[in-house]
Amino acid sequence: MAKPVVLIAEELSPATLEALGPDFEVRNCDGANRAELLEALGKGVDAVLIRSATKMDAEAIAAAKGLRVIARAGVGLDNVDIPAATAAGVMVVNAPTSNIVSAAELAIALLLASARFVSPAHAALRNGKWARSKYTGAELFEKTLGIVGFGRIGQLVAHRMQAFGMNVIAYDPYLQPARAAQLNVELVELDELLKRSDFITIHLPKTKETANLIGVDALKKVKPQVRIINAARGGVLDETALYNAIKEGRVAGAGLDVYATEPCTDSPLFELDEVVATPHLGASTDEAQERAGIAVAVSVRKALGGELVPDAVNVKGGAIHDEIRPSLPLVEKMAQIGTALAGELPVSMEITVMGDISGHDSSILATSALKGALLAAGAEDVTYVNAPGLATERGVTSNVTTTPDSPEYRSMISLHLALSNGKSIKVDGTLMGIRKVEKIIAIDGFDLDLPPSENMLFLGYADRPGVVGTVGNALGAAKINIAGMQVARQAQGGSALMAITVDSSVSESVAASVAKEIGADLVRSVSLVN
C-alpha cells in the first residue's frame, strides 16, 4: 500500500522529520515559488507543512486534489484560506503554544530596551558617540504594567514582570476575574488601564474588533511617560497615531515587532530614538521553531491516521477528552443507521449523552452525527471539517445535551432523529467493557445487542412463527451469508424488528423479495461508510 504523501513547502527543523516518522512519503518544494508549489500540489499530496511564506489560498487548495491537512508550523494563519479549506474538507492545524515563551520574552526585551534606550544608545556608540547623558531611561520597579489581552502570552509576561517588582493590571473582556486574581493581577476596563499604566504591552489577535484598538482616542488617555510594546499583531496599534503621540510628547516611547503591513522597512517610527523595532522576531528562536515543527508533525500523523486533532482550527468541538473519543465512530454509525432506516436526511438530530461520560465536553458528537447522516444520504467526501457546512446547506441541525442519569448502563448515548414528515427515529448505543465494544442497544424501543457491522439488514413486521426460517432461506438462496441475527419485539404477536448482520451487501431486489415473503412493513439494507 502506498504511503501517504506529506509535502514540506518550507524549511523546517530536523526534529519535524523525526516526529513524522517513516510512515510517510516526504516531498519538498519551495512554497514561496508559486508555480513550483502548484505543480507539487497537483501531483497529489495528503498533507502540506508550511510556515509563513507559503500561501495556501483557494487556488492552491483547489490544485491539491486529495489534500486532507494543511499544517502551519507556527501560530498565525494569515496565509491560509480557512473558509476554502473548510469547504474542501481540509483540516487546518497550527501550533498555538509553540512560540508563547519566545513571544513573551521578546515583548519583555522590547520593554526593557525601550525603557533604557538600548537601541539608539547602541547605534550612537557604534558611530563613535559617547551619548551617556542623552539617554536617561526609566526603571520598571514599582511601576504599573498594563497588559492588553491576558491570554497565555500575556500571563507569561505578567509572571515575569512581577519579578521586576511591577504592579500588573490587565484588560481582557473574556477572562474570568478569578483567574486574574490567582495570578495576582487586577482586571480593569481598557480606559482605566490606559490612564494608570506606565508601560503597556499588547497581546491580542487582529480582528474587526481589535483593529486600531490602541489608536487616536486611546492615546489621548495615556500618561505622557508611558511606553507601549506591540509584539502581537500589526494593526492593533495605530502606527500613525503612535508616531504623532511620540512626536508631540504624549507617549514616551515604544517597542515594536509587528506592523500593519509586512515586511515593513520604511516606517517613520524607525526614525525616532524613542522607538526600538525588530522585524517580526516573536517566534524566531530555535526552540520555538523546533516545538512548532514537532507539534504540527504530530498533528499530521494523527489527522492522516483518522484521528481528530485538538489543534485543528476549523473543526468544531476543540480538544476531545479520552473518554469521549471512542464515542465518535459509534455516534457516526448510529446516525448512518438512523438515516438509512428513515429513508431520508433528518431535519434535526438530538444527541443525549448519559452516565459517566456526561461530565466531559461532548459537543464534537454533534459533528459526528452530522457526518454519519450525510454519508448515509449519499454525500461524498464528508469530513469532520466540512460536515457542519454541508449540513447547514441541507437544512440539518444537531445538538448535544447531557445528563448524569443512565438507568441501565454506566454510559450510553441516545440519538433522536426528527424527520420532515413529523415522524422520528431513535437509536441508542453504548460502549461495552474495557475494550469499549460498540453496541446498538435499541432502535425505536426495540431492545437489541447489535455490534454495528459493515452490512446490515433491518426488517419490521408482525410477530409470528416461521419468519426467522423464511428470512434465512431467502438470504441463503441469494448466496448471502448471515453473520448474526437478532429479533426484538414489544409484545407477543405485536410489532417485531429483525436486525441481521451479513457478510455482503443486500441488494434492493433481494431485500424487497425478503420483505414480500414475510409481509414486512419496513425493509432497509444498510451499508456503513467509513
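Just above, that's the structure.
One structure accompanies this document, and this report is about it. (Residues numbered from 1 in each chain as written. Predicted model: local features only at pLDDT ≥ 70, side-chain atom pairs only at ≥ 80, totals over all residues. Heavy atoms only, no water.)

What to know about the pairing of strand β7 (residues 167-171)
The buried fraction of β7 amounts to four of the five residues, a majority that puts the element mostly inside the structure. The pairing of strand β6 (residues 144-148) with β7 spans five bridges and is parallel. Across the sheet, residue I147 finds its bridge partner in β7, namely A170. The pairing of β7 with strand β8 (residues 186-187) spans two bridges and is parallel. Note that in β8 the partner of I169 across the bridge is E186. Remark: the β7/helix α8 (residues 177-182)/β8 crossover connection has right-handed handedness. (Buried < 20%, exposed > 50% of the residue type's maximum accessible area, 1.4 Å probe, protein only. Helix = DSSP H or I, 4+ residues; strand = E, 2+ residues; numbered from the N terminus. Pairing = 2+ DSSP bridges. Right-handed = clockwise from strand over helix to strand, strands pointing away.)

Structural notes on the side chain of E332
Summarising the element assignment, E332 is placed in helix α13 (residues 327-342). For E332, the side chain forms a polar contact with the side chain of K371, separated by 2.9 Å. Setting aside chain neighbours within four positions, we find E332 in contact with S368, K371, G372, L375, Y384 and V529. (Polar contact = N/O pair within 3.5 Å; in protein donor to acceptor, adjacent residues only side chain to side chain. Contact = heavy atoms within 4.5 Å.)

Details of the packing of aromatic side chains
What characterises a pair of aromatic rings is the spacing of the ring centres plus the angle enclosed by the ring planes. Taken as a whole and judged by the stated rule, the model has two aromatic pairs. When the centroid spacing of 5.6 Å and the interplanar angle of 85° are considered together, the rings of Y259 and F270 count as edge-to-face. Taken together, the residues Y259 in the loop between β11 (253-256) and β12 (275-277) and F270 in the loop between β11 and β12 connect sequence positions 11 residues apart. Accessibility expressed as a relative area gives 6% for Y259, which makes it buried. (Phe/Tyr/Trp six-rings, centres within 6.5 Å; stacked < 30°, edge-to-face > 60°.)

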